[in-house]
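Survey of secondary and tertiary structure
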Amino acid sequence: MYRLNVSRENYDLAKAIDFSELQGKIKFDDMHNVIEVPEEDMKIFMVIISEEVDMKGLSEDQQEITSYGRKLYGLYDEVYALKCEQS
């Protein structure tokens, strides 16, 4: 199990993403800004964040990253760094 203690901004951002594909396996600890992801689901968790960039984080012509997209990249980077620390 990965315990990802992310920044408050990234925590709130992650809570707004639809992770229903993981069927409730992701746990959010509001008190400590911790996201718990089972090890076997980490890859799909990160793919879902990446897909969120593709679907909602680009301009209409998909040539530029929006401010929301930059925030998503920040979330992805923080999750990746924490994953690497725990591996």
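All values reported here derive from a predicted model rather than from experimental measurement.

Time to look at the pattern of salt bridges. All chains considered together, the criterion is met by 5 salt bridges. A salt bridge links Asp 30 to Lys 15, with the shortest nitrogen-to-oxygen separation between them at 2.8 Å. With Asp 30 in the loop between β2 (27-29) and β3 (34-37) and Lys 15 in helix α1 (residues 8-15), this residue pair connects regions lying 15 residues apart in the sequence. For Asp 30, a relative accessible area of 42% corresponds to the partly exposed category. By relative accessible area, which is 41% here, Lys 15 ends up partly exposed. A salt bridge links Lys 56 to Glu 52; the nearest nitrogen and oxygen atoms lie 3.6 Å apart. Of this pair, Lys 56 and Glu 52 both sit in helix α2 (residues 42-56), 4 residues apart, which is roughly one turn of the helix. Its relative accessible area of 5% is what places Glu 52 among the buried residues.

Now for the sheet that holds β3. The strand order across the open sheet formed by 3 strands is β1-β3-β2, and the pairing between neighbours is antiparallel. Since the sheet does not close on itself, it has two edges, and those belong to β1 (2-5) and β2, each with one partner. When the angles between neighbouring strand axes are averaged without regard to direction, this sheet yields 20°. The pairing of β1 with β3 spans 4 bridges and is antiparallel. When the sheet's bridge partners are listed, Asn 5 is paired in β3 with Val 34. Packed onto the sheet, α1 meets β2 and β3 and runs at close to 145° relative to β2.

The rules behind each value
- Residues numbered from 1 in each chain as written.
- Predicted model: local features only at pLDDT ≥ 70, side-chain atom pairs only at ≥ 80, totals over all residues.
- Heavy atoms only, no water.
- Salt bridge = Lys/Arg side-chain N within 4 Å of Asp/Glu carboxyl O.
- Helix = DSSP H or I, 4+ residues; strand = E, 2+ residues; numbered from the N terminus.
- Buried < 20%, exposed > 50% of the residue type's maximum accessible area, 1.4 Å probe, protein only.
- Pairing = 2+ DSSP bridges.
- Axes fitted to C-alpha atoms, helices over the stretch in contact; angles between N-to-C directions.
- Contact = heavy atoms within 4.5 Å.

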